[in-house]
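An overview of the molecular structure
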Amino acid sequence: SPARTVFHSRVASIRRRPRHPTARRRTRGRFRTIAQVAGRTGRGAKGGRVLVQTTCPDEPAIRYAAAHDYFGFAQYELAHRRELKYPPYAHLVRVIVRGESYDAVQQTARELASRICAAAARLMQSRDGSDKADGETSAAPIASADSDVRVLGPAPAPIGRLRGQYRFYLQLSA
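Residues numbered from 1 in each chain as written. Predicted model: local features only at pLDDT ≥ 70, side-chain atom pairs only at ≥ 80, totals over all residues. Heavy atoms only, no water.

Considering the overall build of the chain
Counting its secondary structure elements, the chain contains four helices and five strands. Each helix and strand of the chain, ordered N terminal to C terminal, gives the series β-α-β-α-α-β-α-β-β. In the chain, which comprises 174 residues, the proportion classed as buried is 29%. Look at the contacts in the chain between residues 6 or more apart in sequence, and 63% of them connect residues 24 or more apart. In the form shown here, the chain has an accessible surface area of approximately 11,700 Å², with 52% of it arising from carbon and sulfur atoms. (Helix = DSSP H or I, 4+ residues; strand = E, 2+ residues; numbered from the N terminus. Buried < 20%, exposed > 50% of the residue type's maximum accessible area, 1.4 Å probe, protein only. Contact = heavy atoms within 4.5 Å. Areas by Shrake-Rupley, 256 points an atom, 1.4 Å probe, with all protein chains shown as cover.)

A look at the sheet that holds strand β3 (residues 92-99)
Overall, antiparallel pairing links the three strands, which are arranged β3-β5-β4 in an open sheet. Looking at which strands have only one partner, the edges of the open sheet turn out to be β3 and β4 (150-162). On average, each strand axis in the sheet is tilted by 25 degrees relative to the strand beside it, whichever way the strands run. Both β4 and strand β5 (residues 165-173) contribute to a ladder of seven bridges, which runs antiparallel. By the bridge assignment for β5, R161 is matched with Y166. Relative to the sheet, helix α4 (residues 102-128) contacts β3, β4 and β5, its axis offset from that of β5 by approximately 15 degrees. (Pairing = 2+ DSSP bridges. Axes fitted to C-alpha atoms, helices over the stretch in contact; angles between N-to-C directions.)

What about the nonpolar core?
Among the nonpolar cores identified, the biggest contains eight residues, and these are A113, I116, C117, A120, V149, V151, L170 and L172. Those elements giving two or more residues to this core turn out to be α4 and β5. At four residues, α4 tops the list of elements feeding residues into this core. Grouped together as the second largest cluster of nonpolar side chains are seven residues, F31, A61, I62 and Y64 included. (Core = buried A, V, L, I, M, F, W, Y, C linked by side-chain atoms within 4.5 Å.)

Brief notes about the side chain of Q171
Its place among the elements puts Q171 in strand β5. Among the polar contacts made by the side chain of Q171, one reaches the side chain of R94 at a distance of 3.3 Å. (Polar contact = N/O pair within 3.5 Å; in protein donor to acceptor, adjacent residues only side chain to side chain.)

As for the packing of aromatic side chains
Counted according to the given criterion, the structure contains eight aromatic pairs. Between Y102 and F168, the aromatic rings sit 5.3 Å apart at their centres with planes inclined by 65 degrees, giving edge-to-face as the arrangement. Of this pair, Y102 sits in helix α4 while F168 sits in strand β5, and the two are 66 residues apart along the sequence. What makes F168 buried here is its relative accessible area of 3%. Among the aromatic residues, ring-to-ring pairing joins F31, Y64, Y70, F71, F73 and Y76 into one connected group. Stacked on the ring of Y169, the Lys or Arg R94 has its end atom at 4.3 Å from the ring centre. (Phe/Tyr/Trp six-rings, centres within 6.5 Å; stacked < 30°, edge-to-face > 60°. Lys NZ or Arg CZ within 6 Å of the ring centre and 35° of its normal.)

Remarks on the confidence of the model for the chain
Of the residues in the chain, 72% have a pLDDT of 70 or more, and the chain-wide mean is 76. Across the chain, element-level confidence peaks in β3 with a mean pLDDT of 94 and bottoms out in strand β1 (residues 6-11) with 51. A low-confidence stretch, residues 13-20 (pLDDT under 50), is modelled with 18 contacts involving residues beyond four sequence positions or located in other chains. (pLDDT = per-residue confidence, 0-100.)

Okay, structure coming up:
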């Protein structure tokens, strides 16, 4: 509101898994919240001040928001997205396998990951003209580093059981 001249925010900074997609969303959310509050505080004649209390003052979201540097933050985010092969530099697909038996769902998710990895390896071989034997493709859940397709997982879904069904997920990046 125009009458607001001071705003105080406590920002919980969690650095446990900064490369995890959820943590990346939290970083953008922190930046957005601080920048939005700073923009609304002190719109009146008195001006305003924003105080941010955090355990990680050097966190990029907080630094860029404090400097009102949207373009700097966007460049920072895009550089990380390029490095991690996240959109807009790649496509992500989440596949959820679900069923009534935990063991059956886990095994199906493993088999699906293995088949996707094998199909990605065959695709790369056909592009490169390689002559590797079929037995040389990896059955591991993660495709080779030089592949255009990466398979992460399988792993239990964040909500492991929903409506009586167990859930595992894979994430594909291409």
